[in-house]
Amino acid sequence: MTGPWWREAVTYEVYLRSFADADGDGLGDLPGLRARLPYLAALGVDAVWVTPFYPSADHDAGYDVVDHRDVDPRLGTLADLDRVVADAHRLGLRVLVDLVLNHVSTAHPWFVAARAAGPGSPERGRFHVRPGRGPRGDQPPNNWPSIFGGPAWAPFGDGEWYLHLFDIEQPDLRHEHPEVAADALATLRFWLDRGVDGIRFDAAGSLSKDPDYPALPAGWRPGDAAPYSDRDEVHEIYRRWARELASYPGERLGVAETWGGPEVLAPYLRPDELGQAFAMDPLYWPLRAQSWRDGVRALLAATTRHGRLPTWVHGSHDVRRAAERWGPDGARAVLLLMLALPGAVYLYAGDELGLPEVTLADEAIRDPVYRRSGGADRGRDGARVPLPWTEGPPPYGFGPAGSTPWLPQPAGWGARSVAGQRHDRTSALALTRAALSLRGTWWHGRPAELTWRDAPAGCLAFRRGPDGPTCLVNLGEAPVDWRPYGDRVLLASAAAEETLPVRATAWLV
C-alpha cells in the first residue's frame, strides 16, 4: 500500500501544559517538549500533535485564543516553536499544531471592540450576535445549549447576545464574514510557512451555523443533529483550506476533530477535503466483540469509499483516561487492536504509561466544564495531570525540583513514571514500545481489507488481506486457545502461554 506519510501514522498527542515544564512555572512549555523529543522518537511514534500554545486568557487551558499567530510567553516563543519543529524533523518526527478557529477569547481584540461598539455595529458582525427575546431582550435568543453546560448565549447587557458553543469566555466566530475567513486563511498559511507538517482543526464541525438560528425541537438530546454542527457550509470551508494545504510541499495533513459516527466523519474525507477525521465513537464502544466488529466494518466502509482510512483515537485530553474507560487490561488490548487495524492511530500522552484517571479535589479543578455544570460534571482535568518522568521526589521530573505543577500530581505518581517503567518488561511502556516497533514490520502498509476469521464467542480475529499475521482479541468470559490462529505469539497485551486471557489481544504468525 502506498500513500502519504500520514495514511497509517501513529501520532502522539502532547498536551503541552502537562508534558514537560522547563522553567519551573508549573506549566509545560515548548522548551520542555523540545527536551523530551528524543523520548518520543525512541517510543516509535511518527508524529507529534501539540495542543495550543497561543496567547490566551487561560479560561479553557489555552483553547480561548487571544492571538492565533504567536506564542504565549509562559509557554515559549516563536523561536522555541521553530526549534521544536527543526529538532523533531532531525529525529524523523512530523509536527502537527492545533488551530482553534471556531472561537476566540473574550480578550481577543475583535471581541473587545465588539463589546464596546454597541448593538448593530460592524464590529459585532464577526460574531454570532442576536437580539434577546422578551420585552426587554433579557432572555437568550433561542434554546441552544453550551457543550460545557448552561445556555450557549451570553448577554452583552444592551439587548444583544453572543453565541458561545463552549465556555462563556469563548465567543464563536462567524466564518461567513470576509474578515474572519481571510484571517483564518492567514493563520493557516502562517503555521504552514513555519514548516509544520499538519493542522488539527479543533471543533471542526462547528464553523457554520444555520443563519436563521432555529430553536431545537422538544426532545432534542446531545448527539442529535443540530443546526450548528457539520453543516454543508462547513465542508466548503475545508475544501478551501485543503487547497491551501495541497499547495505546500511535503504532504501536509489536515485532520478534523469530529464527534460522531461514520456518517459524520466520512464527508470530511472526500478527495478534495481533509486527509483524516477523528473516529471518536470507539472511545465509548463497550468491550464486546460484536460491538467492535460491527463498528470497525462501518468505519472502514465509510472511509475507504473516499480512498481514506479510519483515524483511530485511543485517548485524548477531552475524555477520561483509557485505563479508566476500558480498565487497564482493556486499554492495552484496545491499543494493540487499533495498531493492527488499517488506518492511523492517535495516542494520548501518558497512556503509553497506563496512567489512571486522577480524582482531584474540588478546589484543584480548573476545567470550565466543572463550573458551567455547577459541579455535576467534574470535567477533564483528571486526564490532564502533569506527566511523571522520574520516580521522585515531586514533581517527578515534570519540572525542576521544588516547582509546583498547574494541576496536583497524586502521591506515588513516580511509580508510574517513565523511569519507573523503563526496565520493566511487563510495563505499559514496554508493551507500547514493542507494539510500535512491530507495527512497522507486520502491519503498516498491508491491505486495508480485513479477512475475518472464525472465533469463539466474545472474540474477534482478522488478517489484513488474505495472509500475514492474525490479530486475536478476547473480550469474552473465558480464556481462549490461541494456537489455532498461529504458530507463535509476536506480542500480547497480557501473558499468553497456551491461552489468551479475557480483555487481551495477541498478534500471531
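This text gives an overview of the structure that appears in the document.

Helices and strands together make up the secondary structure of the protein chain, namely twelve helices and 18 strands. At 23 Å, the protein chain has a C-alpha radius of gyration in line with the 23 Å of a compact globule built from 509 residues. With respect to the three principal axes, the spread of C-alpha positions in the protein chain is 75 × 50 × 45 Å. Looking at the protein chain residue by residue over its 509 residues, the buried ones come to 59%. The contacts of the protein chain with a sequence gap of at least 6 include a subset with a gap of at least 24, amounting to 66%. Both charge centroids of the protein chain, one from 54 positive and one from 66 negative side chains, sit 3 Å from each other.

The next thing to look at is the packing of helix H1 (residues 30-43) against helix H2 (residues 78-90). The geometry of H1 relative to H2 is characterised by a closest axis approach of 9 Å and an angle of 15° between their N-to-C directions. Viewed along their axes, H1 and H2 adopt a mutual orientation that is roughly parallel. With respect to the hand of their crossing, H1 and H2 are arranged in left-handed fashion. Counting all contacts with H1, which are made through Leu 30, Pro 31, Leu 33, Arg 34 and Leu 37, the residues of H2 involved are Asp 80, Leu 81, Arg 83, Val 84, Asp 87 and Ala 88. Counted by class, the contact of H1 with H2 contains seven nonpolar, no polar and four charged residues.

Examined against the element boundaries, Asp 381 turns out to sit in the loop between helix H10 (368-372) and helix H11 (418-421). On the basis of relative accessibility, which here comes to 1%, the residue Asp 381 falls in the buried class. In terms of polar contacts, Asp 381 uses its side chain to reach the backbone amide nitrogen of Arg 366, at 2.6 Å. If near-sequence neighbours (up to four positions away) are discounted, Asp 381 is found in contact with Leu 360, Ile 365, Arg 366, Asp 367, Trp 406 and Leu 407.

So, on to the nonpolar core. Most often, soluble globular proteins have nonpolar side chains that are buried together. Tyr 12, Leu 40, Phe 53 and Trp 292 are the most contacted members of the largest nonpolar core, which has 124 residues in total. Here the element with the most residues in this core is helix H9 (residues 327-340); it accounts for eight residues. For Trp 292, the residues in contact, after removing those within four places along its chain, are Pro 282, Trp 285, Pro 286, Leu 287, Trp 326, Val 334, Leu 337, Met 338, Leu 460 and Leu 475. In this structure, Ala 152, Leu 163, Phe 166 and Tyr 213 belong to the second largest nonpolar core, which totals 15 residues.

Our next topic: empty space enclosed by the protein. Taken as a whole, this structure holds four cavities of 30 Å³ or more when the rule is applied. Empty space within the largest cavity amounts to approximately 70 Å³. Lining the largest cavity, in full, are His 68, Leu 101, Val 104, His 108, Trp 110, Leu 173, His 175, Val 180, Asp 183, Ala 184 and Thr 187. Element by element, the count of residues in the lining of the largest cavity is highest for helix H4 (residues 178-193), at four residues. Along the lines of polarity and charge, the residues of the lining of the largest cavity split into six nonpolar, four polar and one charged.

Strand order in the closed barrel formed by eight strands is S1-S2-S3-S7-S8-S9-S10-S11, and the pairing between neighbours is parallel. For this sheet, the mean angle separating the axes of adjacent strands, direction not counted, is 25°. Judged from the three bridges that link them, strand S10 (residues 311-313) and strand S11 (residues 344-348) form a sheet pairing that is parallel. Residue pairing in the sheet places Val 313 in a bridge with Tyr 346 of S11. Its contacts with the sheet place H1 against strand S1 (10-14) and strand S2 (47-50), and it is angled at close to 150° to S1.

Attention now goes to the layout of surface pockets. When its volume is computed, the largest pocket comes out at roughly 1400 Å³. Lining the largest pocket are 44 residues; nearest its centre among them are Ile 147, Phe 166, Pro 222, Gly 223 and Trp 259.

A word on the pattern of salt bridges. Tallying each qualifying case throughout the model produces 34 salt bridges. For Arg 200, the salt bridge is made with Asp 98, and the minimal N-O distance between the two is 2.9 Å. Remark: Asp 98 occurs in strand S3 (residues 94-99) and Arg 200 occurs in strand S7 (residues 198-201); sequence separation between them is 102 residues. Take Arg 200: its relative accessible area is 1%, and that puts it in the buried class. In this structure, Asp 172 engages Lys 209 in a salt bridge whose closest nitrogen and oxygen atoms are separated by 2.8 Å. On the criterion of sequence distance, the pair formed by Asp 172 in the loop between strand S6 (160-163) and H4 and Lys 209 in the loop between S7 and helix H5 (232-246) is long-range, its members being 37 residues apart. For Lys 209, a relative accessible area of 2% gives the class buried. In the salt-bridge network here, residues are joined through shared partners; they are Asp 60, Asp 318, Asp 367, Arg 380, Asp 381 and Arg 384.

Locating Arg 380 in the fold gives a position in the loop between H10 and H11. With relative accessibility at 12%, the residue Arg 380 sits in the buried group. For Arg 380, the side chain forms a polar contact with the side chain of Asp 318, separated by 2.8 Å. Not counting residues up to four positions away in its chain, the partners in contact with Arg 380 are Asp 60, Phe 148, His 317, Asp 318, Asp 367, Pro 368 and Val 369.

Turning our attention to the packing of aromatic side chains. In this structure the tally under the stated criterion is 29 aromatic pairs. Aromatic pair Phe 111 and Phe 127: ring centres 5.3 Å apart, planes at 85°, arrangement edge-to-face. You can see Phe 111 sitting in helix H3 (residues 109-117) and its partner Phe 127 sitting in the loop between H3 and strand S4 (129-131), a full 16 residues away along the chain. Comparing Phe 111 with Phe 127 shows no difference in burial state: the two are buried. Among the aromatic residues, those joined into a ring-pair cluster are Tyr 12, Phe 19, Tyr 39 and Trp 389. Above the face of the Trp 389 ring, Arg 36 is positioned so that its terminal group lies 4.1 Å from the ring centre.

Turning to H1, a few remarks are in order. The terminal C-alpha atoms of H1, which comprises 14 residues, lie 19 Å apart, in line with the 20 Å expected from a rise of 1.5 Å per residue. A bend of about 45° at Arg 36 is the largest found in H1, and the proline Pro 38 appears one to four places after it. Among the residues of H1, those classed as buried are Leu 30, Gly 32, Leu 33, Leu 37, Tyr 39, Leu 40 and Leu 43. Close packing links the buried residues of H1 with S1, S2, H2, H11 and helix H12 (428-442). Where H1 begins, one side-chain oxygen reaches toward the backbone nitrogen of Gly 32, 2.8 Å away; that side chain belongs to Asp 29.

Analysis parameters
Residues numbered from 1 in each chain as written. Predicted model: local features only at pLDDT ≥ 70, side-chain atom pairs only at ≥ 80, totals over all residues. Heavy atoms only, no water. Helix = DSSP H or I, 4+ residues; strand = E, 2+ residues; numbered from the N terminus. Rg over C-alpha atoms; globule rule 2.2 N^0.38 Å. Buried < 20%, exposed > 50% of the residue type's maximum accessible area, 1.4 Å probe, protein only. Contact = heavy atoms within 4.5 Å. Lys, Arg positive; Asp, Glu negative; His and termini not counted. Charge placed at Lys NZ, Arg CZ, Asp CG, Glu CD. Axes fitted to C-alpha atoms, helices over the stretch in contact; angles between N-to-C directions. Parallel < 35°, antiparallel > 145°, perpendicular 65-115°, else oblique. Left-handed = near helix turned anticlockwise from the far one by under 90°. Nonpolar A, V, L, I, M, F, W, Y, C, P; charged D, E, K, R; others polar. Polar contact = N/O pair within 3.5 Å; in protein donor to acceptor, adjacent residues only side chain to side chain. Core = buried A, V, L, I, M, F, W, Y, C linked by side-chain atoms within 4.5 Å. 1 Å grid on protein atoms, 1.4 Å probe; cavity = no way out; pocket = protein on both sides within 12 Å on 5 of 7 lines; lining within 4 Å. Points joined across faces, edges and corners; volume = space filled by probe spheres on them. Pairing = 2+ DSSP bridges. Salt bridge = Lys/Arg side-chain N within 4 Å of Asp/Glu carboxyl O. Phe/Tyr/Trp six-rings, centres within 6.5 Å; stacked < 30°, edge-to-face > 60°. Lys NZ or Arg CZ within 6 Å of the ring centre and 35° of its normal. Expected span 1.5 Å × (residues − 1). Bend = angle between axes of the 7 residues up to and from the residue.

Fair warning: the whole summary comes from geometry, so function is off the table for now.
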